[in-house]
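Chain by chain, the residues run as shown.
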Amino acid sequence: MLLSPCLVRAHVSEQSALAPVWTTWNTEGWLLLLFAVSATGYAIGVRRLWASAGRGRGVSTQQAGWFALGWLSLFAALVTPLDPLGSRLFSAHMVQHELLMVVSAPLLVLGRPLATWTWALPPAQRRAVGRWFQRRGWVGFWSAMTDPLVAFALHAAALWVWHIPFAFDAALLHEPVHIAQHLSFLVTALFFWWSVLGHDPRGRYGPGHSAACLFATMMHTSALGALLSLAPTAWYAPYLDATSALGFDPVEDQQLGGLIMWVPAALAYVIAALAVIGRMLTRVRA
């Protein structure tokens, strides 16, 4: 059941009183603190790791570059005016979600942040953290969450459930729900990309499984994008007035958002799958 139109209109009226959305940045203190801590911790970890093992050892300069690009794309998605604009335009919201899931997540995984962040800790704390992560309970949890099939299922569930109209409307109307939505997209995407990009020291699955999960993700995200693009009416009530207030048609804006998921986002999964297959063929030839 859609949320009450009265609540929707009240939300839109409240938004109209805000500063122009095109120049509004998300300056929540806790969010900026997380960005600062993550970047500083990674920089300290890289410096200490290279001081101990040599430049480019442990974490290569390319991996550090991947992390920097992932960090910047995450900043663009959550801090720049794209974030408040997403409350007015579904297409902007879709760009934000795709940045989280198909740009930031794989780049951050390629940057190997977990191992690098531990090097930012003092030696005693680093060893304590290492022992904690070697506990049977944590190892079992991590093994389950990074199983390609489990990660694929969780990521797919998060994507489809949050695009059910009542869930998406709730995220637009209530900031804690909105934060939960973005967190679920990012966390499940991180586990998904971790599982398909070869970070499996136990060797449970080969590149073929990773490529299959990537192609399957491309197919179901394309299906959702097609449904959004071909729908004759707008699915999400809060956008009816908010999008019109900016001079755009809500249905056309939803169709544009669906196309963003359907074509460029799906293409990213195809490129990743082809890269995995190419790496597999290179190893076979070697």
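You'll find the structure just up there.
Residues numbered from 1 in each chain as written. Predicted model: local features only at pLDDT ≥ 70, side-chain atom pairs only at ≥ 80, totals over all residues. Heavy atoms only, no water.

Tracing the backbone shows T243 in helix α13 (residues 238-245). By relative accessible area, which is 0% here, T243 ends up buried. With sequence-adjacent residues up to four places away left out, T243 is seen in contact with R88, L89, F248, D249, P250 and D253. (Helix = DSSP H or I, 4+ residues; strand = E, 2+ residues; numbered from the N terminus. Buried < 20%, exposed > 50% of the residue type's maximum accessible area, 1.4 Å probe, protein only. Contact = heavy atoms within 4.5 Å.)

A cluster of nonpolar side chains, namely L230, L259, W262 and V263, defines an oily patch on the protein surface of about 380 Å² accessible area. Take the nonpolar patch: its biggest share by element is three residues, from helix α14 (residues 250-285). Accessibility expressed as a relative area gives 31% for W262, which makes it partly exposed. (Patch = residues over 30% accessible without salt bridge, like charges linked within 9 Å, V, L, I, M, F, W, Y side chains within 5 Å. Areas by Shrake-Rupley, 256 points an atom, 1.4 Å probe, with all protein chains shown as cover. Salt bridge = Lys/Arg side-chain N within 4 Å of Asp/Glu carboxyl O.)

In this model helix α9 (residues 148-162) runs 21 Å from its N-terminal to its C-terminal C-alpha over 15 residues, within 8% of the 21 Å that 1.5 Å per residue would give. Taken together, the buried positions of α9 are occupied by P148, A151, H155, A156, A158, L159 and W162. For α9, the arc enclosing every buried residue in end-on projection is 160 degrees, short of the 170-degree limit, so these residues lie on one face. One side-chain oxygen at the N-terminal end of α9 lies 2.9 Å from the backbone nitrogen of L149; it belongs to D147. (Expected span 1.5 Å × (residues − 1). Arc of directions from axis to C-beta. Polar contact = N/O pair within 3.5 Å; in protein donor to acceptor, adjacent residues only side chain to side chain.)

Moving on, we come to the nonpolar core. Counting 59 residues, the largest nonpolar core has L78, F192, W193 and L214 as the members making the most contacts within it. The contact partners of W193, leaving out residues within four places of it in the chain, are M101, V102, A105, P106, V109, L214, Y269 and A272. (Core = buried A, V, L, I, M, F, W, Y, C linked by side-chain atoms within 4.5 Å.)

Another point: the packing of helix α11 (residues 175-196) against helix α12 (residues 207-230). Contact pair α11 / α12: the axes reach a minimum separation of 9 Å and the direction vectors enclose 140 degrees. Comparing the axis directions of α11 and α12 gives the class oblique. Between α11, through F192, W193, S195 and V196, and α12, the contact on the second element is made entirely by S210, C213, L214 and T217. (Axes fitted to C-alpha atoms, helices over the stretch in contact; angles between N-to-C directions. Parallel < 35°, antiparallel > 145°, perpendicular 65-115°, else oblique.)

In a pair of packed helices, the angle between the axes and the distance between the axes together describe the arrangement. Their axes nearest at 7 Å, the elements helix α3 (residues 61-78) and helix α5 (residues 90-110) cross at an angle of 160 degrees. Considering the angle they form, α3 stands roughly antiparallel to α5. Crossing hand, α3 versus α5: left-handed. Residue-level inspection shows Q63, W66, F67, L69, G70, W71, S73, L74, A77 and L78 of α3 in contact with α5, the latter providing Q96, L99, L100, V103, S104, L107, L108 and L110. A class-by-class count of the residues in the contact of α3 with α5 yields 13 nonpolar, five polar and no charged. (Left-handed = near helix turned anticlockwise from the far one by under 90°. Nonpolar A, V, L, I, M, F, W, Y, C, P; charged D, E, K, R; others polar.)

Mapped onto the fold, S104 is located in helix α5. S104 gets classed as buried once you look at its relative accessible area, which sits at 0%. In this structure the side chain of S104 is engaged in a polar contact, spanning 3.1 Å, whose partner is the backbone nitrogen of L74. For S104, the contacting residues outside a window of four places in its chain are G70, S73, L74 and L99.

Function cannot be inferred from these measures alone, as they are strictly geometric.
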